[in-house]
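Structure at a glance
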Amino acid sequence: MAEHPPSDQTPAGAPAEQAAVDRHWRRLALAAVGVAVAVGGLLGFVIIPAGQREHSHLSMDAAMRRAAGLEAGSPAHPQPPAAINSLPVSQVSWDPAIMQRPAAGNTARGAELAGQVCAACHGETGLSVTSAIPSLAGQTSYAIYKQLHDFRTGARVQPDMTAVAQSLAVGDLASIAAYYAAASQQYAALGMRDLSGETEIVRVAWEGDTRRRIPACMSCHTNGVGGPIETPALLGQNREYMAAQLNAYASGARKNDVYGRMRDISRRLTPHEREQLARYFQGTL
Amino acid sequence: MPIASERDVIRSELRWGLITAATVGVIFIAILSAAFAWQMNPPSNVEFIDPKTLHLSDEFTEANLGTQVQGDAIAIRMIASQFAFLPRCVVAPRGRPVTLRLASPDVIHGILVTGTNVNTMVVPGYISQVHTTFTKTGDLLMPCHEFCGMGHSQMWATVRVVEPEAFKADAQGKVACAQP
Amino acid sequence: MRSLERLTLAHLWTGFVAFAIACLLGVWQMWVRSPLTAPLSTPDRYYQSVTAHGVSMAYLLTTFFVMGFGYYVAETSLARPLPGKRWAWIAYGLGLTGGLIAAIPILLNQATVLYTFYPPLTGSALFYLGLVLVVVASWIWCAQMLVAMAQWKRSHPGQAVPLAMFGTTANAVMWLWTTVGVAVEVLFLILPAAVGLTETIDVGLSRTLFSWTLHAIVYFWLIPAYIAFYTMAPEEAGGRLYSDTMGRLTFVLFLVYSLPVGMHHLFMDPEHSTGFKFLQMTLTVLVAVPTFLTVFTISASMEIAGRLRGGKGLFGWIATLPWERPMVLATGLAFFMLWFGGGGGLINMSFGMNAMVHNTSWVTAHFHLIFGGTVVIMYFAIAYTIWPKLTGWQSPNISLQRLQIWLWAIGMMVMTLPWHWTGLQGQWRRIAAFDYSNPLIASWGPWVIVSLIGGIILAVSALLFVWNLVTLHRSSSPRFAVGEVPYAEAVHPPGRLPASLNGFGLWNVIVAVLMLLAYGYPIAQFFIDPPPQAVVHRLH
């Protein structure tokens, strides 16, 4: 099949003709583009805000600024008035500077404090033998830091821990968090367990329950997968302690989970499920 | 076989181009009408808020969330976070303009409300804002419609639209769902 | 087998293998979402599959197909050897390596961020690096297309570049512009976050840069199908191309208007203003034009073929077309699906209506129908048309090819039409498990199952496609007399052709200006007035 018949000069004939054809096309192209941009721009930035500003009682300048994104709000609607102030449930927030604190905590100081202050209840190696008291060995530093901080400010209340946390300096919180997260990992308290439970419980743990809007526990409690930065590790934690926390969340007695994530979930679990999930995540060695 | 001359070809293409332009023009007019007659815009509230300190902010602390009546303005403030909305249930009156304001402390979420044209992304760093008027009473679904992690499938809220007479604010101007 | 054939086959096989695997994953995903019980239905497995499916279909099938077909067009339409074949093989190796490197973290559940990878969700750095390699490979391809066309023009002064090559090179130019967005996003925002150099990320900027790529990339996928519409279908039908000029104009319009329109993927986002959204919507209107032009021009071309075969009356020419030829059948079915997919697109681009459908199954339906349907069915047809020339073996049974194409079109319609419907009802996207006890959601259940049936039909079609290609490698098949590639002839070969329809100088300038106007401030705002950043959320 032959290609297009060859031409000696340009596809359009003589160079002068070519230039004429080119110019024509160039003008058409630029005109089309120009009209499109002008129409779109005028309508979007000027005409629509002009037509909408009556409803929002804005000046033309303000309406155009909103349409251009230079100011918050819609050109067509007034902004709602500012909200009332209220108290946050936890003072702990995360940004790189704050996240650095537990990571950079002085683990030597942390070891010293852990021996003096924590080991009596939480165990010499961070493994608590009392089921109602949590193990700390191998817990994430963010989780430990946040809970200590919340005990200190009263965002979380537990008589013994409140006293302990308030006796510590803020810098010490970071050191203890760093120590337990790093230094005692040799004891591998959390993380190496055989898990078994009723089929439905295992399903809630790994798939969640869509009908009740309960996400799978593992969708947050797998390190790094989801949920807030302070999400604690669960595998191998003490059963009684975990069950008590779930119940405390459900009743509202514990409310330092920002935006109520655990309160929400715990309320929708039945008491039996809370008990069984705690048993499941404790697992066996 | 009669094959059109080049001019005829171009002319037929231009005729078709007019039909194309007309089709597109109709859509344009529909959009402009909605913009002028109903003040409809895509949700485009360029307003910053720091996701890292969201729960410490004045506007988005826990106790401030939900439906609040301030004079004529009805604002519904919600948090979208992994993996739930807070509050899980909000109330809105039928037939009165409401403004939804949403923020995320972590990753990208998004919402729609079934049966309505409420639809917006919730991008950390910004306050998403939607102006709407609910026209029918009932319980509407407000799911998270953007992938936000493993719990995305279980993330949705309820919008309860009630008759204006049943929409009563408490002393602080707040209206909550009867049974959350 | 000459080296061009090997080069083309390597690329196309790689793309099609990724495609077949992804089809099977897609069926499983639909099963998990349905009211029926599926195995392994935990959220992490589901989203892993969605990531693998999306990456395979959107990045691997497409890039390898475009590259392989492009090499083939460059050599056959210009009737000269492809310059720098060594580079083509290097590019192939790079792309294949990249794909395999990206696959590893996906399989290890360390990159479950979906193919749109919206940060702050951040996967393993290997995942992004692998995809970077695939893009770099495609850039090498772009350079080769540009060089091939330039060399041909130098040795054929004053002649019109053959339309198939013009379209291919237009695609290459457009791809270079397109990848800037995602390249900047990945290299400067995501990779530093993935390796731990940064702890926070500007989410609005990431999304905006990705949107730059996200719309234009679909035209990168689509242009080979349109090249087949203009230069192969009329020939296979026994007719002539109604207008060569319109073909060139179509490719040029795609080049110009596919880029400054990405914000229509961000209509519902808070980080951009109504003004810029409206401007980009106006420009999006213009990108609908080349498709309208194509529908008209190709229908007219087919009409010529039909009437040449004796068709009379207003529509009589349709029946007399040689529907037994896979390319003709595919073109007809592609156009049929284009009405639905394209119509859906018109709705998506109007931001008032977009609010009804954003992030619902309507969107999923739209892009499966328009890309998976109209475009991929033409990929099949192109494969069937050129494979015998590549391998030297004819198909023993062309009816199997037709069956495969029919199954694909039927499966696609059965799968996507219910999605359009449930999407309008509010069914939202990327869900591993629906609460079917909710009455509204329960009403979607039967439609979801119908979709699943469509998906199963598609999977069967995909496997049949692979089988059909395999038979074109067997020496037990009839031998094919290798001849020249029949590209369609235009009714009026390009006469007074302006330079702007023979090259891209003017269009590059226009693209640059449009991008500055449409994306200039929307991107600059993140530097002039930076929003607060979000903490990087690493998934491993």
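Described in the following lines is the structure provided in the data block.

Definitions and limits used
The numbering scheme is per chain: residues are counted from 1 as the chain's sequence reads. Think of it this way: whatever chain is written first is A, whatever ligand is written first is 1, and the rest follow in order. Per-residue local features of the predicted model are confined to residues with pLDDT of at least 70, and side-chain atom pairs are confined, for both listing and counting, to 80 or more; whole-chain, interface and lining totals are unaffected and use all residues. Hydrogens and water molecules were not included; the side-chain quantities draw on all heavy atoms of the structure. Here a strand is any run of E in DSSP of at least two residues, a helix any run of H or I of at least four, and the numbering for each starts at the N terminus. Atoms counted for the radius of gyration: C-alpha only. Globule rule: 2.2 Å times the number of residues to the power 0.38. Relative accessibility decides the category of a residue: with a 1.4 Å probe and only protein chains considered, values under 20% of the type maximum give buried, values over 50% give exposed, and everything between is partly exposed. Note that accessible areas follow from Shrake-Rupley with a 1.4 Å probe, and for residues the cover is restricted to the protein chains shown. Counted charges follow a simple rule, with Lys and Arg positive, Asp and Glu negative, and His plus the chain ends left uncounted. Throughout, a charge is located at the NZ atom of Lys, the CZ atom of Arg, the CG atom of Asp or the CD atom of Glu. Note on method: axes are straight lines fitted to C-alpha atoms, helices fitted across the in-contact stretch only, with angles between N-to-C directions ranging 0 to 180 degrees. Angles are sorted into four bins: roughly parallel if under 35 degrees, roughly antiparallel if over 145, roughly perpendicular if 65 to 115, and oblique for all others. Crossing chirality is assigned from the near helix's rotation relative to the far helix, an anticlockwise turn below a right angle marking it left-handed and a clockwise turn marking it right-handed. Note that Gly is not counted as nonpolar here; it falls among the polar residues with everything else outside the nonpolar set of Ala, Val, Leu, Ile, Met, Phe, Trp, Tyr, Cys and Pro and the charged set of Asp, Glu, Lys and Arg. Take the buried residues of types Ala, Val, Leu, Ile, Met, Phe, Trp, Tyr and Cys, join any two whose side-chain atoms come within 4.5 Å, and each joined set is a nonpolar core. In this description, contact between two residues means that some pair of their heavy atoms is separated by no more than 4.5 Å. Patch rule: a residue counts if its relative accessible area is over 30% and it has no salt bridge; like charges are joined within 9 Å, and nonpolar side chains (Val, Leu, Ile, Met, Phe, Trp, Tyr) within 5 Å. Within this document, salt bridges are pairs made up of a side-chain nitrogen of Lys or Arg and a carboxyl oxygen of Asp or Glu, the two lying within 4 Å of each other. Strand pairing requires that DSSP identify at least two bridges connecting the strands. Given the number of residues in a helix, its expected span is that number minus one, multiplied by 1.5 Å. Accessible-area loss on putting two parts together, using a 1.4 Å probe and summing over both, is the definition of buried area adopted here. Counted as a polar contact is a pair of N or O atoms within 3.5 Å, where, for protein atoms, one must be capable of donating a hydrogen and the other of accepting one, and residues adjacent in sequence contribute only when both atoms are in side chains. By disulfide we mean two sulfur atoms from cysteines, separated by a distance within 2.5 Å. The aromatic pairing rule takes the rings of Phe, Tyr and Trp, using the six-membered ring of Trp, and pairs them if the centres are within 6.5 Å, calling planes under 30 degrees apart stacked, those over 60 edge-to-face and the rest tilted. Note on geometry: a ring has a charge over it if NZ (lysine) or CZ (arginine) is within 6 Å of the ring centre and within 35 degrees of the ring normal.

**Some thoughts on the overall build of chain A**
When you go through chain A residue by residue, the secondary structure sums to twelve helices and zero strands. Taking 19 Å as the expected radius of gyration for a compact globule of 285 residues, we find that chain A reaches 32 Å, considerably beyond that expectation. For chain A, the spread of C-alpha atoms along the three principal axes comes to 95 × 65 × 45 Å. Looking at chain A as a whole, 51% of its 285 residues are labelled buried. Surface exposure of chain A reaches about 13300 Å², of which carbon and sulfur atoms provide 58%. The averaged location of the 24 negative side-chain charges in chain A is 7 Å from the averaged location of its 25 positive side-chain charges.

**Notes on the packing of helix 5 (residues 163-195) of chain C against helix 6 (residues 203-231) of chain C**
Residue and element names in this part refer to chain C. Here helix 5 crosses helix 6 at 160 degrees, and the two axes come no closer than 8 Å. As judged from the angle between their axes, helix 5 and helix 6 are roughly antiparallel. At the point where helix 5 passes helix 6, the crossing takes the left-handed sense. The residue makeup of the contact of helix 5 with helix 6, split by class, is 21 nonpolar, nine polar and one charged.

**Comments concerning the nonpolar core**
The nonpolar side chains of soluble globular proteins are, as a tendency, buried together. Ranked by size, the top nonpolar core spans 251 residues in total, and within it Phe19, Tyr71, Phe117, Phe127, Ile377, Trp387 and Trp408 of chain C carry the most contacts. The residues contacting Tyr71 of chain C, other than those within four sequence positions of it, are Leu4, Leu7, His11, Leu82, Ala88, Ala91, Trp141, Gln144 and Met145 of chain C.

**Some remarks on a nonpolar patch on the surface**
All names here are of chain C. A cluster of nonpolar side chains, contributed by Phe336, Trp339, Phe340 and Leu417, occupies part of the molecular surface with about 430 Å² of accessible area. Looking at the nonpolar patch element by element, the count peaks at three residues for helix 11 (residues 326-349). Relative to the elements of secondary structure, Phe340 occurs in helix 11. Take Phe340: its relative accessible area is 34%, and that puts it in the partly exposed class.

**Let's talk about unusual backbone geometry**
Residue Pro87 of chain B is reached from Leu86 of chain B by a cis peptide bond, and omega for that bond is -5 degrees. A cis geometry characterises the amide bond from Pro119 of chain C onward to Pro120 of chain C, with omega recorded as 10 degrees. Looking at the secondary structure, you find Pro120 of chain C in the loop between helix 3 (85-107) and strand 1 (121-122). For Leu40 of chain C, which is not glycine, the phi torsion reads 55 degrees and is therefore positive. For Leu40 of chain C, the location among the structural elements is in the loop between helix 1 (3-33) and helix 2 (43-78). Unusually for a residue other than glycine, Leu114 of chain C sits at a positive phi of about 65 degrees.

**Some words on the pairing of strand 4 (residues 89-93) of chain B**
Residues and elements named next belong to chain B. With five of five residues buried, strand 4 lies mostly within the body of the structure. Where burial is concerned, the two faces of strand 4 agree: the one with Cys89, Val91 and Pro93 and the one with Val90 and Ala92 are both buried. Relative to strand 10 (residues 156-162), strand 4 runs parallel, the two being bridged by five bridges. Note on strand 10: the bridge partner recorded for Val91 is Arg160.

**Considering helix 5 (residues 141-153) of chain A**
Residues and elements named next belong to chain A. Taking 1.5 Å per residue, 13 residues should reach 18 Å; helix 5 reaches 18 Å between its end C-alpha atoms and fits that length. All of the buried residues along helix 5 are Ser141, Ala143, Ile144, Tyr145, Lys146, Gln147, Leu148, His149, Asp150 and Phe151. Summarising the contacts, the buried residues of helix 5 are in contact with helix 3 (96-104), helix 6 (159-167) and helix 7 (170-182). Downstream of helix 5 by one or two residues, Gly154 has phi in the positive range, about 90 degrees.

**Structural notes on the interface of chain A and chain B**
If you look at the interface, chain A gives 54 residues, while chain B gives 50 residues. With both chains or domains summed, chain A and chain B bury close to 4000 Å², and 57% of this area falls on carbon and sulfur atoms. Run the count over chain A and chain B and you get three salt bridges. For Asp264 of chain A, the salt bridge identified is with Arg88 of chain B, shortest N-O distance 3.8 Å. Our count for the contact surface shared by chain A and chain B stands at 20 residue pairs in polar contact (both at pLDDT 80 or more). When residues of the side of chain A that touches chain B are traced back to their parent elements, those giving at least two are helix 1 (15-56), helix 9 (218-221) and helix 11 (261-268) of chain A. Ranked by the residues each element gives to the side of chain A that touches chain B, the list is headed by helix 1 of chain A, at six residues. When grouped by side-chain class, the residues that make up the side of chain A that touches chain B number 25 nonpolar, 18 polar and eleven charged.

**Some details on the interface of chain B and chain C**
Each partner contributes to the interface: chain B provides 58 residues, whereas chain C provides 70 residues. Both faces combined, the contact of chain B with chain C buries some 5500 Å², and carbon together with sulfur accounts for 73% of it. Run the count over chain B and chain C and you get one salt bridge. As a salt-bridge pair, Arg430 of chain C and Glu146 of chain B come within 2.9 Å of each other at their nearest N and O atoms. Counting across the chain B and chain C interface gives 17 residue pairs in polar contact (both at pLDDT 80 or more). Looking at the side of chain B that touches chain C, the elements with two or more residues in it are helix 1 (6-37), strand 7 (119-122) and strand 9 (138-143) of chain B. With 13 residues, helix 1 of chain B is the largest single contributor of residues to the side of chain B that touches chain C. For the side of chain B that touches chain C, the class distribution of residues is 33 nonpolar, 18 polar and seven charged.

**Concerning the environment of Ala111 of chain A**
Residues and elements named next belong to chain A. By the secondary structure assignment, Ala111 is in helix 4 (residues 107-122). For Ala111, a relative accessible area of 31% gives the class partly exposed. Residues Ala111 and Tyr179 lie 68 residues apart in sequence; the distance between their C-alpha atoms is 6.0 Å.

**So, the state of the cysteines**
As enumerated under the stated definition, the model contains one disulfide over all chains in all. Here Cys89 of chain B is linked by a disulfide to Cys177 of chain B, with a sulfur-sulfur distance of 1.9 Å. On the sign convention where negative means left-handed, the S-S torsion of about -80 degrees between Cys89 of chain B and Cys177 of chain B marks this disulfide as left-handed. Remark: Cys177 of chain B occurs in the segment after strand 11 (174-175) and Cys89 of chain B occurs in strand 4; sequence separation between them is 88 residues. When sorted by exposure, Cys89 of chain B lands in the same class as Cys177 of chain B, which is buried. Between Cys121 of chain A, a free cysteine, and Cys118 of chain A, which holds the nearest cysteine sulfur, the sulfur-to-sulfur gap is 9.0 Å. Relative accessible area serves as the criterion here: at 44%, Cys121 of chain A is assigned to the partly exposed category.

**What about the packing of aromatic side chains?**
Residue and element names in this part refer to chain C. Summed over all chains, the structure comprises 48 aromatic pairs over all chains. Centre to centre, the rings of Phe19 and Phe465 are 6.5 Å apart; their planes meet at 85 degrees, and the pair counts as edge-to-face. Highlighted residues: Phe19 in helix 1 and Phe465 in helix 15 (residues 439-471), separated in sequence by 446 residues. Grouping residues by exposure puts Phe19 and Phe465 together as buried. Above the plane of the ring of Tyr118 lies Arg207, whose end atom (NZ or CZ) is 4.6 Å from the centre. Geometry around Phe166 places Arg248 over its ring, the cationic atom sitting 5.3 Å from the centre.

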